[in-house]
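Breakdown of the fold
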Amino acid sequence: MKTEITRNNVNLLKILRCPACEDERIDIVNEKFQCLACGEKYRLLNNIPVIVDKSFSFEIINNLKNNMSWEDYDSDGITKKIAEYSTNKKSIYQYITPSHRVQVGPTYESFLDTYNISGNVLELGGGPNSLQIPGVVNCDINSYKTVDIIGDARKLPFKDGVFKGIICNSVLEHIFEVEKVVDECFRVLDKGGYIFMCVPQVCGRHHTVDYFRWTVPGLKRQFSKFSIINQGVILGPAMFVSHIVVSLFRSLTPFKFVNSTICFILEWLFFPLRFLDILGKGNRDYEDYAHTIYIIGKK
Ligand SMILES: [Zn+2]
């Protein structure tokens, strides 16, 4: 198989930087990405280049791979299977299952449109459902099909200022060294470029590696290197309520089947509650209890 250097219309050789020595001369040598300065060779995983520093252990990647189950976050057992089934069959039911989210804030597309962002965009930790439009580079720690580069958010394998925009949703809480991620985002963003950062505010723990939550003032302070030009809610309080009701019953009895049956019924009963977020949008306290919040910053 020939090594792909172009993904989503982006020539990777033009944007990559060696995370080991920070030199910008990376090229293909014998079908492998290699740093021409320090000689570091980067392997492919499912044909995706793994551009991570040696100090970043592959054990971590494998650990994340085995435990990464964001799909589990919304649904339990049978509901998850129904969601998977309807998604595979591309049926309308994929939109009316408890896996559906009622998003009230900006979408990635509306963000790119509003701020007139053209040029390369970094999707940080885009996972298996990243934005499939030309110019968007999905850098993730896992080898999902839609990932373009496997990289470490604390030491991004990109040159300074190569992106006009950065989009990231529900990733930051999974990385302990948040300051490093903020610094790296600032470094790879072009002057005048925009960052759209979404994080959970009130939300249950949803992974073995899940460390933090933020409020809007906390998130603004975390990203104070950027000029914050917008802020608000992505998923509202009703989303949180629908989750928490189901979670209460997740371990109610010692019998797994009984628990998942109760959860199954509750998920279907309470998921329409999420549409209340559309009504609540203008309320004064709406932001304070929102499930997921965001900021938009400019460099
Ligand atoms: Zn190097």
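Residues numbered from 1 in each chain as written. Predicted model: local features only at pLDDT ≥ 70, side-chain atom pairs only at ≥ 80, totals over all residues.

**Regarding the packing of helix 7 (residues 237–248) against helix 8 (residues 256–270)**
Here helix 7 crosses helix 8 at 165°, and the two axes come no closer than 9 Å. With respect to each other, helix 7 and helix 8 are oriented roughly antiparallel. Pair helix 7 / helix 8 crosses with right-handed handedness. Contacts between helix 7 and helix 8 involve Ser242, Val245 and Val246 on the former and, on the latter, Cys263, Leu266, Glu267 and Phe270. Taken together, the residues of the contact of helix 7 with helix 8 break down into five nonpolar, one polar and one charged. (Axes fitted to C-alpha atoms, helices over the stretch in contact; angles between N-to-C directions. Helix = DSSP H or I, 4+ residues; strand = E, 2+ residues; numbered from the N terminus. Parallel < 35°, antiparallel > 145°, perpendicular 65-115°, else oblique. Left-handed = near helix turned anticlockwise from the far one by under 90°. Contact = placed C-beta atoms within 7 Å. Nonpolar A, V, L, I, M, F, W, Y, C, P; charged D, E, K, R; others polar.)

**Some points on the pairing of strand 4 (residues 32–35)**
Because side chains alternate across strand 4, one face comprises the buried residues Phe33 and Cys35, and the other comprises Lys32 and Gln34, none of which is buried. In the sheet, strand 3 (residues 26–29) pairs with strand 4 via four bridges, with the strands oriented antiparallel. By the bridge assignment, Asp27 is partnered in strand 4 with Gln34. Linking two consecutive strands that pair antiparallel, namely strand 3 and strand 4, is a turn of two residues; a positive phi of about 50° is found at Asn30 within it. Pairing between strand 4 and strand 5 (residues 41–42): two bridges, direction antiparallel. Counterpart to Phe33 in the pairing with strand 5 is Tyr42. (Buried ≥ 20, exposed ≤ 12 C-beta atoms within 10 Å, placed from the backbone. Pairing = 2+ DSSP bridges.)

**Here's the deal with the confidence of the model for the protein chain**
The predicted coordinates ought not to be read in detail in places where the model reports low pLDDT. Taken residue by residue, the protein chain gives an average pLDDT of 85. The fraction at 70 or more is 85%. Counted against residues more than four places away or in other chains, residues 67–76, with its pLDDT under 50, gives 21 contacts. (pLDDT = per-residue confidence, 0-100.)

**Considering the nonpolar core**
Counting 62 residues, the largest nonpolar core has Ile166 and Met197 as the members making the most contacts within it. With sequence-adjacent residues up to four places away left out, Ile166 is seen in contact with Leu122, Leu124, Cys185, Leu189 and Ile195. (Core = buried A, V, L, I, M, F, W, Y, C linked by C-beta atoms within 7 Å.)

**Let's talk about the sheet that holds strand 5**
Within a sheet, neighbouring strands are paired by backbone hydrogen bonds and run either parallel or antiparallel to one another. An order of 3-4-5 is seen for the three strands of this open sheet, with the pairing classed as antiparallel. The strands lining the two open edges of the sheet, one partner per strand, are strand 3 and strand 5.

**Section: helix 8**
Taking 1.5 Å of rise per residue, 15 residues should cover 21 Å, and helix 8 covers 21 Å from first to last C-alpha, within 8% of that figure. When helix 8 is considered as a whole, its buried residues turn out to be Cys263, Leu266 and Glu267. For helix 8, the arc enclosing every buried residue in end-on projection is 105°, short of the 170-degree limit, so these residues lie on one face. Opposite the buried face of helix 8, by more than 90 degrees, sit the exposed residues Phe257 and Val258. (Expected span 1.5 Å × (residues − 1). Arc of directions from axis to C-beta.)

**Side note on the environment of Tyr144**
Along the polypeptide, Tyr144 turns up in the loop between strand 9 (136–140) and strand 10 (149–150). Those residues within four positions of Tyr144 in sequence are excluded, and the remaining contacts are Gly127 and Pro128.

**Observations concerning helix 7**
An ideal rise of 1.5 Å per residue puts 16 Å on twelve residues; helix 7 measures up with 17 Å between its terminal C-alpha atoms. Buried positions along helix 7 lie against strand 13 (227–235), helix 8 and helix 9 (276–280).

**Concerning the pairing of strand 9**
The buried fraction of strand 9 is high, at five of five residues. With burial as the criterion, each face of strand 9 is covered, one bearing Val136, Asn138 and Asp140 and the other bearing Val137 and Cys139. Summarising the sheet, strand 8 (residues 121–124) and strand 9 pair through four bridges and their orientation is parallel. Residue pairing across strands places Val121 opposite Val136, the latter belonging to strand 9. Relative to strand 10, strand 9 runs parallel, the two being bridged by two bridges. Note on strand 10: the bridge partner recorded for Cys139 is Ile149.

**Details of the environment of Leu156**
Tracing the chain through its elements places Leu156 in the loop between strand 10 and strand 11 (163–169). Looking at Leu156, the number of C-beta atoms within 10 Å reads 26, which means it is buried. Separated by 140 residues in the primary sequence, Leu156 and Leu16 place their C-alpha atoms 9.0 Å from one another. Setting aside anything within four residues of it in sequence, one finds Leu156 in contact with Cys139, Gly151, Glu184 and Val188.

**Concerning the sheet that holds strand 11**
Pairing in this open sheet of seven strands is mixed, and the strands run 10-9-8-11-12-14-13 from one edge to the other. At either end of the open sheet lies a strand with only one pairing partner, and these are strand 10 and strand 13. Bridge analysis of strand 11 against strand 12 (residues 189–200) gives six bridges, and the strand direction is parallel. When the sheet's bridge partners are listed, Phe163 is paired in strand 12 with Leu189. Sheet strands in contact with helix 5 (residues 178–188) are strand 8, strand 11 and strand 12, and its direction is about 145° off that of strand 12.

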